[in-house]
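# Descriptive analysis of the structure
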Amino acid sequence: MQTIFWILIFLGTYCFMEFMAWFTHKYIMHGFLWSLHKDHHKKDHDGWFERNDAFFIFYAIVSIGFFLLWKHTSFWPGLPIGLGIFAYGLSYFMVHDIFIHQRFKIFRNANNWYAKGVRRAHKMHHKHIGKEDGECFGMLFVPFKYFKK
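A short tour of the structure in this document, coming up. Each residue is numbered by its place in its chain's sequence as written, counting from 1. For this predicted model, a pLDDT threshold of at least 70 governs which residues receive local features, and a threshold of 80 or more governs which side-chain atom pairs are given and counted, while totals over whole chains, interfaces and linings are taken from all residues. Hydrogens are left out, water is left out, and the side-chain values use all remaining heavy atoms of the structure.

Quick look at a nonpolar patch on the surface now. Each patch groups residues whose relative accessible area exceeds 30% and which form no salt bridge, using 9 Å between like charges and 5 Å between nonpolar side chains of Val, Leu, Ile, Met, Phe, Trp and Tyr. Each accessible area is a Shrake-Rupley estimate made with a 1.4 Å probe; only the visible protein chains count as cover when residues are assessed. What counts as a salt bridge is simple: a side-chain nitrogen of Lys or Arg found within 4 Å of a carboxyl oxygen of Asp or Glu. Where nonpolar side chains cluster on the molecular surface, the patch consists of W48, F49, F86, L90, M94, F104, I106 and F107 and spans about 790 Å² of accessible area. Think of it this way: any DSSP run of H or I at least four residues long counts as a helix, any run of E at least two long counts as a strand, and we number them from the N terminus. Here F86 is to be found in helix α4 (residues 78-100). Residue F86 is classed as partly exposed on the basis of its relative accessible area of 46%. Any residue under 20% of the maximum accessible area for its type is buried, any over 50% is exposed, and the rest in between are partly exposed; the area is computed with a 1.4 Å probe on protein chains only.

Stacked, tilted and edge-to-face are the three classes assigned to paired rings of Phe, Tyr and Trp, where Trp is represented by its six-membered ring and a pair needs centres within 6.5 Å; plane angles under 30 degrees give stacked, over 60 edge-to-face, the rest tilted. Counting across every chain of the model gives 12 aromatic pairs. Ring centres of F19 and F23 lie 6.0 Å apart, and the angle between their planes is 35°; on these two criteria the pair is classed as tilted. On the criterion of helical spacing, the pair formed by F19 and F23 is a turn pair, its members being 4 residues apart in helix α1 (residues 2-32). Accessibility expressed as a relative area gives 34% for F23, which makes it partly exposed. An aromatic cluster is built from F16, F19, W22, F23 and Y27, whose rings are joined through pairwise contacts.

Our focus in this paragraph is the side chain of T24. Position of T24 relative to the elements: it lies in helix α1. For T24, a relative accessible area of 6% corresponds to the buried category. Polar contacts, as counted here, are pairs of nitrogen or oxygen atoms within 3.5 Å of one another; within protein the pair requires one atom able to donate a hydrogen and one able to accept it, and residues that are adjacent in sequence qualify only if both atoms are side-chain atoms. Among the polar contacts made by the side chain of T24, one reaches the side chain of Y59 at a distance of 2.6 Å.

This part is about the packing of α1 against α4. Axes are the key here: two packed helices are described by the angle between their axes and the distance separating the axes. Following both chains from N to C, one finds α1 and α4 inclined at 45°, their axes separated by 8 Å at the closest point. It follows from the interaxial angle that α1 and α4 lie oblique. Pair α1 / α4 crosses with right-handed handedness. Residues W6, I9, F10, T13, Y14, M17, E18 and A21 of α1 form the contact with α4, whose participating residues are L79, P80, I81, L83, G84, I85, A87, Y88, S91 and Y92. Residue polarity follows a fixed list, in which Ala, Val, Leu, Ile, Met, Phe, Trp, Tyr, Cys and Pro are nonpolar, Asp, Glu, Lys and Arg are charged, and the others, Gly among them, are polar. For the contact of α1 with α4, a count of residues per class yields 14 nonpolar, 3 polar and 1 charged. Lines fitted to C-alpha atoms define the axes, with helix axes restricted to the stretch in contact, and inter-axis angles between N-to-C directions lie between 0 and 180 degrees. Roughly parallel here means an angle under 35 degrees, roughly antiparallel means over 145, roughly perpendicular means 65 to 115, and every remaining angle is called oblique. It is the rotation of the near helix from the far one that decides the hand of a crossing: anticlockwise by less than a right angle makes it left-handed, clockwise makes it right-handed. The contact rule is simple, with two residues in contact once any of their heavy atoms fall within 4.5 Å.

With 14 residues, helix α5 (residues 113-126) ought to run about 20 Å at 1.5 Å a step, and its terminal C-alpha atoms sit 20 Å apart, in line with that. When α5 is considered as a whole, its buried residues turn out to be A115, G117, V118, A121, H122, H125 and H126. Down the axis of α5, the buried side of the element spans an arc of 165°, and every buried residue falls inside it. Of the exposed residues in α5, the ones pointing more than 90 degrees away from its buried face are W113 and K123. Between the side-chain oxygen of the N-cap and the backbone nitrogen of Y114 there are 3.0 Å, and the N-cap of α5 in question is N112. In this analysis, the expected span of each helix is defined as 1.5 Å times one less than the number of residues it contains. Working definition: the arc comes from the directions between the helix axis and the C-beta atoms, pointing outward to the latter.

Following this line, the structure appears as structure tokens:
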């Protein structure tokens, strides 16, 4: 019985992270921490890393915190929560940093309907260089209109 709860908590955490990514992106990255995110919209540096990568580090620390809770206390949901956050972070990295922004030159030829929709949505988000008037702040689940031809 615990296995089904473990799986449900993992999947629930993974899906909840899309909401957290949207919320963080819209209200924090495009809000009071714009100073960390703006170099992602307008590249003002020569290096591979961006100040924006600090958000990845924050969520990695949260994930590790749940692993430590599981390991050092009796809080067994810490493992599926930590894994759900980690799995979402890995998915986000694969889609956003590798597929869309090509930080590594792989997945260049992915042209299925989902890939095209996510790429379109992100392109619309990046057409706004400033922190105001943005759209489409999610990553893996984007509005249906971006999947239409």
